[in-house]
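So you can see what is in the structure, the chains are spelled out below.
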Amino acid sequence: MSSPSGGEDSKDEKDEESNRLLPLSSSSQSQSLQSEDYSDEVAFEAREKIVIVDVEGPDSIDAVDYVRPFSWRKLWLFTGPGFLMSIAFLDPGNLEGDLQAGAIAGYSLLWLLLWATVMGLLIQMLSARVGVATGRHLAELCRDEYSNWARYILWFMAEVALIGADIQEVIGSAIAIQILSNGFLPLWAGVLITASDCFMFLFLENYGVRKLEGVFAVLIATMALSFAWMCGDTKPSGKELLKGILIPRLGSKTIRQAVGVVGCVIMPHNVFLHSALVQSRKIDPQNKARVQEALTYYSIESSVALFVSFMINLFVTTVFAKGFYGTPQASSIGLVNAGQYLEEKYGGGLFPILYIWGIGLLAAGQSSTITGTYAGQFIMGGFLNLRLKKWMRALITRSFAIIPTIIVAIIFNTSEASLDVLNEWLNVLQSMQIPFALIPLLTLVAKEQVMGVFKIGPVLERLAWTIAVLVILINGYLLIDFFISEVKGLLFGFLIGSGTVAYVSFIIYLVSRCGTSPSNGLSLELSGRITRNGN
């Protein structure tokens, strides 16, 4: 029989236990709500992420420092983000740079194309590193790293770069549609058709990341097959091709094309995109072995993807080097008339080369516009901390580019020369934005407070900065050369000069932030992110 005091003690213990559990329950509920709020901001929700299945026993799964042996199955599961990223190396703007380099410089710039791709690979691997190690993409990190005024400028610059790239991509698709319809559909109609890819993108997203990656695999394969077929039809010189890859050559008449080859490789929006795409796989950032494993597989996958993109760019360059180098048409060839020149030179084959070119160009344009929409979502959501549904972000992002593109298509519909000038302006516009993606990336990837043990070492940091400075200087040469030839009048010159002072001042500000510690908001956010992922 229990004594009364024993009953009271039992009751007190129960009350104490209830009081102890209630705060925890409340805390747990609050944490759950915070997690739900936070999920609106992440690149991919937990249910969308691909789970990396282990082929080993359960005993080794939770081992933090256990490094698993290489697995082809696991590489396949990680394959996807790198190929989506590689689309930016194959967009219509790059193809136009390839064909002009081939027509004007022949095979002599193939070595530069190779090394520019290698430089692009290093930058993209650093972008992936940031995304995997922190669990956040570059735009989100910039939001907390920089003050409000600076992040709004960075967001604006990223959007301008994205719009410039998207106009080129949409125009490229519209030209392809015009070619494939035998001129029946005008340029503006092709723009409207291309705009519908936004809805295809939204439709595919509902079926998972893997389905979307499958569609891109088909588009890349279409490009590879089309341009390889063209290369086979034109039969370029194998000896000259090897010399072009292995022996560096640069003439005074080909400097502009050389600058274009390097400038087209690193796309500002692509740096932001890759850091988000790698988060489509479920990786625990607290598990160092898992993070290192992901970085290894992503490095292999990105290398393969950019090798494929290099081969496609190589096919295009060699086709036009064989067909038009040293000819009167070399200096006037562009994206609009390239198909017609090819048909006049190599027509009469089993399948008209004009349509092969059109199919490859359409695949390049469609794939790059979809990745542009994807990048726009991450850039807008990351910098502005927007809590919008993905379909709403996609529509807003697509509208930013489609409206000016339709205007451009109507104005320049019948003028090939005007479209080429427009393309030069767009290249300059994107070149101007490169520092505003590279400098924040290199600042963050070298900070221990952000990256922890996965910060890059001093040797890799110096190499990355050397590449960044080289790319910025090359694009700076392009800007100076362009403005000297295009800027006319005192007032216009004064405006350009004032803009240049502001532009350089902001770059100096970004560089000055390299040695500073991240804001408290960034440190707290990263800590909270790791805690949530751990739970």
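Scoring rules and cut-offs
- Residues numbered from 1 in each chain as written.
- Predicted model: local features only at pLDDT ≥ 70, side-chain atom pairs only at ≥ 80, totals over all residues.
- Heavy atoms only, no water.
- UniProt positions renumbered as here; feature names shortened; annotations may be inferred.
- Helix = DSSP H or I, 4+ residues; strand = E, 2+ residues; numbered from the N terminus.
- Buried < 20%, exposed > 50% of the residue type's maximum accessible area, 1.4 Å probe, protein only.
- Contact = heavy atoms within 4.5 Å.
- Axes fitted to C-alpha atoms, helices over the stretch in contact; angles between N-to-C directions.
- Parallel < 35°, antiparallel > 145°, perpendicular 65-115°, else oblique.
- Left-handed = near helix turned anticlockwise from the far one by under 90°.
- Nonpolar A, V, L, I, M, F, W, Y, C, P; charged D, E, K, R; others polar.
- Expected span 1.5 Å × (residues − 1).
- Core = buried A, V, L, I, M, F, W, Y, C linked by side-chain atoms within 4.5 Å.

Under an unreviewed UniProt entry, the name given to the protein is Metal transporter Nramp2-like, and the source organism is Populus alba x Populus x berolinensis. A UniProt comment under Subcellular location (unreviewed entry) is attached to the protein, and it reads "Membrane". Database annotation for the protein, UniProt heading Sequence similarities (unreviewed entry): "Belongs to the NRAMP (TC 2.A.55) family."

Trainee: Any chance you could explain the side chain of Gln 433 here in plain terms?
Mentor: In this fold, Gln 433 is placed in helix α18 (residues 416–433). The class of Gln 433 is buried, set by a relative accessible area of 4%. Residues within four places of Gln 433 in sequence aside, it is in contact with Met 157, Val 160, Ala 161 and Pro 268.

Trainee: Which parts of the structure should I look at to understand the packing of helix α15 (residues 338–346) against helix α16 (residues 353–384)?
Mentor: Describing two packed helices takes the angle between their axes plus the distance from one axis to the other. Contact geometry of α15 with α16 gives a least axis separation of 8 Å together with a crossing angle of 150°. Here α15 is positioned roughly antiparallel relative to α16, judged by the angle of their axes. In terms of crossing hand, the pair formed by α15 and α16 is right-handed. Touching Ala 338, Gly 339, Gln 340, Leu 342, Glu 343 and Tyr 346 of α15 are Ile 353, Leu 354 and Trp 357, all from α16. Split into classes, the residues belonging to the contact of α15 with α16 amount to six nonpolar, two polar and one charged.

Trainee: Honestly, helix α4 (residues 92–105) in this entry has me stumped. Any pointers?
Mentor: Three- or four-residue spacings in an α-helix give side chains the same orientation, since the helix completes a turn every 3.6 residues. If you check α4, its first and last C-alpha atoms are 19 Å apart, about what 14 residues at 1.5 Å a residue would give, namely 20 Å. α4 sits mainly inside the fold: twelve of its 14 residues count as buried. What α4 keeps buried is the set Pro 92, Gly 93, Asn 94, Leu 95, Glu 96, Gly 97, Asp 98, Leu 99, Ala 101, Gly 102, Ala 103 and Ala 105. Count one or two residues on from α4 and you reach Gly 106, which has phi positive near 65°.

Trainee: I tried to follow the nonpolar core on my own but got confused; where do I start?
Mentor: Side chains that are nonpolar tend, in soluble globular proteins, to be buried together. Val 132, Val 271, Phe 272, Phe 383, Phe 436 and Leu 510 are the most contacted members of the largest nonpolar core, which totals 83 residues. Here this core gets 14 residues from one element, more than from any other, and that element is helix α5 (residues 110–134). Residues contacting Val 271, with those up to four places away along its chain left out, are Ile 123, Gln 124, Ser 127, Leu 138, Ile 266, Ala 437, Leu 438 and Leu 441. Listed in part, the 61 residues of the second largest apolar core include Leu 95, Leu 204, Val 319 and Ile 356.

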